[in-house]
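Now for the letters of each chain:
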Amino acid sequence: MIDLKKVNEELNTYIRPQTFPVAVRMFRHGEPLPEKAKRPSRDFKKGFANCQTIDMVRRYGWTIALTREDSICSLGITALGFDKELKFYRDGNLCEGSYTETAEAGARSEAAVDKFGYNQYQALVAAPLDRCDFEPDLICIYANPAQVMRLVQAALWKRGGKLTSSFGGRIDCSEIIVTTLKTDECQVILPCSGDRIFGQTQDHEMAFSIPFSKIEEVLEGLRGTHKGGIRYPITQFMEYEGKFPPKYMEVNRMWDAAAGKVQYTPRDRVVAAYKRSYADSVPTYPIIASYAGVQEGYTIREYCSDAKKAIKAQVNIYEKHRHDVVLAYTDLAKEAEAAGCTVQWSDTIVPSISEHVLGEDKGKLARMNIPDPKSAGRLPMFLELCEGLMAAKLPTAVGAVVTGPWTVAMLLRGPESLLLDTVDDPQFVQDLMRFTTDYIKQFSELVAATKIGLSFAEPTGSCSLISPDNYKEFIKPYHQELVQHFKKQKVNCTVHICGMTHPLYEDLVDAGFGTISIDIDPSVDQLKKLMDVAEKKAVVIGNVDATIFERASKTQIEAEVKRCLDTVGDRSGYILSTSCEIPPSSKPEIVQWFMDAARTLGRYQQEVGSPS
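Hey, could you go over the overall build of the chain for me, with residue numbers and the actual values?
Within the chain one finds 25 helices and 18 strands. Projected onto its principal axes, the C-alpha coordinates of the chain cover approximately 120 × 55 × 45 Å. Taken over 612 residues, the chain has a buried fraction of 54%. A sequence separation of at least 24 residues applies to 74% of the contacts in the chain between residues at least 6 apart. Total accessible area on the chain stands at roughly 27,600 Å², and carbon and sulfur atoms take up 51% of it. In the chain, which carries 73 positive and 81 negative side-chain charges, the distance between the mean positions of the two groups comes to 6 Å.

I'd love a proper account of the pairing of strand 12 (residues 453-457), names of residues and values included.
Counting buried positions along strand 12 yields 4 of 5 residues, so the element is predominantly enclosed. Relative to strand 13 (residues 493-497), strand 12 runs parallel, the two being bridged by 4 bridges. Counterpart to alanine 457 in the pairing with strand 13 is histidine 496.

Could you give me a rundown of a nonpolar patch on the surface, with the residues and numbers involved?
A cluster of nonpolar side chains, contributed by Phe237, Met238 and Tyr240, occupies part of the molecular surface with about 410 Å² of accessible area. Residue position: phenylalanine 237 is located in the loop between helix 10 (215-227) and helix 11 (246-258). Taking the relative accessible area as the measure of exposure, phenylalanine 237 reaches 61% and is therefore exposed.

So what's going on with the pattern of salt bridges? Residues and values would help.
All chains considered together, the criterion is met by 44 salt bridges. Between arginine 58 and glutamate 205 there is a salt bridge, and its shortest N-O distance comes to 3.0 Å. Placement of the pair is arginine 58 in helix 3 (residues 50-60) and glutamate 205 in the loop between helix 9 (193-197) and strand 6 (206-211), with a sequence separation of 147 residues. The pair arginine 58 / glutamate 205 is uniform in exposure class, with both members buried. Here aspartate 184 makes a salt bridge to lysine 214, at a shortest N to O gap of 3.1 Å. Residue aspartate 184 is located in the loop between helix 8 (172-183) and strand 5 (187-189), and its partner lysine 214 is located in the loop between strand 6 and helix 10; the two are separated by 30 residues in the primary sequence. Members of the salt-bridge network, linked through shared partners, are Asp55, Arg58, Arg59 and Glu205.

I'd like a rundown of the sheet that holds strand 3 (residues 123-128), residues and numbers included.
Sheet architecture is open: 6 strands sit in the order 2-3-1-4-6-5, paired in antiparallel fashion. Since the sheet does not close on itself, it has two edges, and those belong to strand 2 (64-67) and strand 5, each with one partner. This sheet shows a mean twist of 25° between the axes of neighbouring strands, independent of strand direction. Across 6 bridges, strand 4 (residues 138-143) lies against strand 6 in antiparallel orientation. Bridged to isoleucine 141 within strand 6 is phenylalanine 208.

Explain helix 21 (residues 468-487) to me, and be specific about the residues and the numbers.
Over its 20 residues, helix 21 runs only 25 Å from end to end, short of the ideal 28 Å by more than 12%, given 1.5 Å per residue. Isoleucine 475 marks the point of greatest bend in helix 21, at about 50°, and the proline proline 477 comes within the next four residues. Among the residues making up helix 21, those that are buried are Asn470, Tyr471, Phe474, Ile475, Lys476, Tyr478, His479, Leu482, Val483 and Phe486.

Help me get a handle on the sheet that holds strand 12, residues and values and all.
Strand order in this open sheet of 8 strands is 7-16-15-14-13-12-11-8, and the pairing throughout is parallel. Two strands close off the open sheet at either side, each with one partner strand: strand 7 (284-287) and strand 8 (325-328). On average, each strand axis in the sheet is tilted by 25° relative to the strand beside it, whichever way the strands run. Sheet topology note: the strand 7/strand 16 (residues 574-581) ladder contains 3 bridges and is parallel. Along strand 16, the bridge assignment pairs tyrosine 285 with serine 577. Contacts from helix 12 (residues 266-274) reach strand 8, strand 11 (397-403), strand 13, strand 14 (515-518), strand 15 (539-544) and strand 16, with the element oriented near 105° to strand 16.

Describe in detail the nonpolar core, supporting the description with residues and values.
Leu412, Val447 and Phe513 are the most contacted members of the largest nonpolar core, which has 126 residues in total. In terms of residue count, the dominant contributor to this core is helix 20 (residues 426-449) (10 residues). In this structure phenylalanine 513 touches Phe456, Tyr471, His479, Val483, Cys493, Thr494, Val495, Leu508, Lys537 and Ala538, once residues within four positions along its chain are discounted.

How would you explain the packing of helix 18 (residues 405-413) against helix 20 if you had to name every residue and give the values?
At a minimum axis separation of 9 Å, helix 18 and helix 20 run at an interaxial angle of 120°. In this structure, helix 18 crosses over helix 20, and the sense of that crossing is right-handed. Taken together, the residues of helix 20 that come into contact with helix 18 (itself represented by Pro405, Trp406, Val408, Ala409, Leu412 and Arg413) are Phe428, Val429, Leu432, Met433, Phe435, Thr436, Thr437, Tyr439 and Ile440.

Kindly report on unusual backbone geometry, identifying the contributing residues and their values.
Trans peptide bonds make up the majority, and among non-glycine residues the majority have a negative phi. Proline 233 follows tyrosine 232 through a cis peptide bond whose omega is 0°. Along the chain, proline 233 falls in the loop between helix 10 and helix 11. Look at the link from glycine 542 to asparagine 543: it is a cis peptide, with omega at -20°. The phi angle at arginine 322 is positive, at roughly 55°, despite the residue not being glycine. Considering the arrangement of structural elements, one finds arginine 322 in the loop between helix 15 (307-321) and strand 8. Although it is not a glycine, lysine 451 adopts a positive phi angle of roughly 75°. With respect to the helices, strands and loops of the structure, lysine 451 is situated in the loop between helix 20 and strand 12. Residue class for lysine 451 comes out exposed when judged on its relative accessible area of 68%.

An account of the side chain of aspartate 521 is needed here, citing residue identities and associated values.
Take aspartate 521: it is sitting in the loop between strand 14 and helix 23 (526-534). Within the buried core, aspartate 521 has no salt-bridge partner, and the shortest N-O distance to an opposite charge, that of lysine 529, equals 9.7 Å. Looking at aspartate 521, its side chain comes within polar contact range of the side chain of serine 523, at 2.8 Å. If near-sequence neighbours (up to four positions away) are discounted, aspartate 521 is found in contact with Met500, His502 and Gln526.

About the cut-offs
- Residues numbered from 1 in each chain as written.
- Predicted model: local features only at pLDDT ≥ 70, side-chain atom pairs only at ≥ 80, totals over all residues.
- Heavy atoms only, no water.
- Helix = DSSP H or I, 4+ residues; strand = E, 2+ residues; numbered from the N terminus.
- Buried < 20%, exposed > 50% of the residue type's maximum accessible area, 1.4 Å probe, protein only.
- Contact = heavy atoms within 4.5 Å.
- Areas by Shrake-Rupley, 256 points an atom, 1.4 Å probe, with all protein chains shown as cover.
- Lys, Arg positive; Asp, Glu negative; His and termini not counted.
- Charge placed at Lys NZ, Arg CZ, Asp CG, Glu CD.
- Pairing = 2+ DSSP bridges.
- Patch = residues over 30% accessible without salt bridge, like charges linked within 9 Å, V, L, I, M, F, W, Y side chains within 5 Å.
- Salt bridge = Lys/Arg side-chain N within 4 Å of Asp/Glu carboxyl O.
- Axes fitted to C-alpha atoms, helices over the stretch in contact; angles between N-to-C directions.
- Expected span 1.5 Å × (residues − 1).
- Bend = angle between axes of the 7 residues up to and from the residue.
- Core = buried A, V, L, I, M, F, W, Y, C linked by side-chain atoms within 4.5 Å.
- Left-handed = near helix turned anticlockwise from the far one by under 90°.
- Polar contact = N/O pair within 3.5 Å; in protein donor to acceptor, adjacent residues only side chain to side chain.

Put into C-alpha cells, the structure is as follows:
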C-alpha cells in the first residue's frame, strides 16, 4: 500500500495547500466503516451535504462517514445513488428558476450530472490524507488557481497533451467523486454554489481530484516539473530595476551627489524647486539682460537689436557665472515699439519709449491692428534670440521675458494718462487691455513654441503706481486669461512686478501664476509674505537688492543672500534671484560674489532637508 503520509508530505512540499488534502472512498454495502469516523446524524444530530462533509474534513482534520441517513442535500443524495432518482428531479424542477430558465433546460442539466447507480454504495467516507486508515478511491485538494495549475502540469508530466474537465456550476460533489471514479482521470473542479454556501469554500479556491490509481504518476510529475523549475510558490522574474516615484529617486540622487558620484545641473536645481524638493543647493540666478552684452563688449543698442550678439552674450555670461537660469531678455520697450511707439536709443542706456502712440489721441485704438510678431519691429529678433538660446542646449533652465499686457498698455497710452483713464474712462482701459492681451497672447504663442519658459514682466503693475482695486478690475482678469490659455498648453507662466507688491499676492496666486518674481520694499519683508501666501501654490523668485550690484562689498552681498535664505528657511519652491534686472554696469566680481554666496550659504544639508 502507498504510504499516505509520504503522499501528504509531498503534496505539502510541492503544492502547499491551505487546508488538508482529503482522502475519499465510497464504501459498498457490508464494508465496515472506520470506527473513528464521525456520523452527522449520530454525533451532530444533523444532516450534512456532501460538499459540507469534505470541507469539514479539510478544515477540521476529522474523519466523517456520510450515509443516506446522514445526508440532507437531495442533489448530492441523487448523485451518489443514496436514493432513487425521482421523476420530479429528472424533469428539471430543481433547476428551473434558479439555474435554468425552464424545466426543459433543467432536465438537460440534471441529465449531464454524473451519478452512481441507486444503492451502489452505502457511504461516502472522507478523511485527512495523513490520518487516513483506509485506501482511498481518490484524493481531493482544495487550492488556489496557481496551485491547481501545478497539479495539472504534474498530471501531464508523463503523458503530455491537455487535461479535460467539464463544468456545470452546480453539484461539484458529482465532479469530485463520481466523474473522477468513472473516468479514472484527474479533474479540475469549479466549486459550486452549494460548496461555497454550505462548505464555505472561498472565492479564491478551486479543487483538484486525483484518482488513487494516478497518485504516483502525479507525484512523479510534481517532482519532475519542480526540478525543471516550475514551482509553487510561483517563481517570479525579479532581475529588473523598479520604477519608483520621482521623489524616491531624488533621495538616491542626493546620496550620490553627496558621495561625489553625480553632479546636479543648473536645470536640476530649478526642477527640484518646482517639485518642492531639493538638489545640492538653492537654485540661483541674477536677472541678466544688457549686462551680458556689456560684458561681451557690445553696446546696449547692439545687444537689444542683434539676436546673434545677444545669444552669444547670454551663453558666454553663463559660462562665466554658471547661474541656474538663463534669460532671453532685452528690454521692455520692444512690444510697444512694434505697435507704433517711438523708442529712445542709446549705447549705454536700456531702450525706453519716448513717444506713446496713444498719448495724444486714444481714439487711435479703434484703428490699430495687432502687430505681426513675425515681422513687426524687433519681435522677430526676440524670437530668434529664444530659438538660439534653446538651440545652445545649455544645462540650465531657460526663460523668455515678454512685456505684460498692462505694461504694454501703459507704454502705448503713457503712464499718467492711463492712470487717469482708470477714473475718467474705465471702458477705454478695458478696451486697451483687450487689445494688449490679444497682442501679447499672439506674441507669446510664438515664444512658447520655441519650448522656452514664459515670463511676463509687469513692472508698472505694482502698488507703487496702482491700487489693489485697480489690479483686480483692470489687470487680474487679463492675467487669468493668459495663464489659463497657456496652462491648456502645459506652459507655466511667471510674472515679475517691481516695487510694492505684497498687497497683490493673494490675487497673483489666484490668477494662477505658477511662479512669482518680486522686488524689494524697504517698508516690509515682501519675501516672507509671499512665501507664506504662495506655499505649495507658486514658486517664488527674488529678492536680493539688484541696485547694489554696481557698488556693494562682498560682505553686503553675502548679507543680502543670507537674509533671503534665512527668510525662506527649509522650504523649497524658492529660487534665489535679484529683485529686478541687474544694472548693465554691474561689476562682474559682485555678480560672482552673489553666486559664490548662494552656492555656499544655499547648500542643502540633506540629512535634515534644510539649508546650511
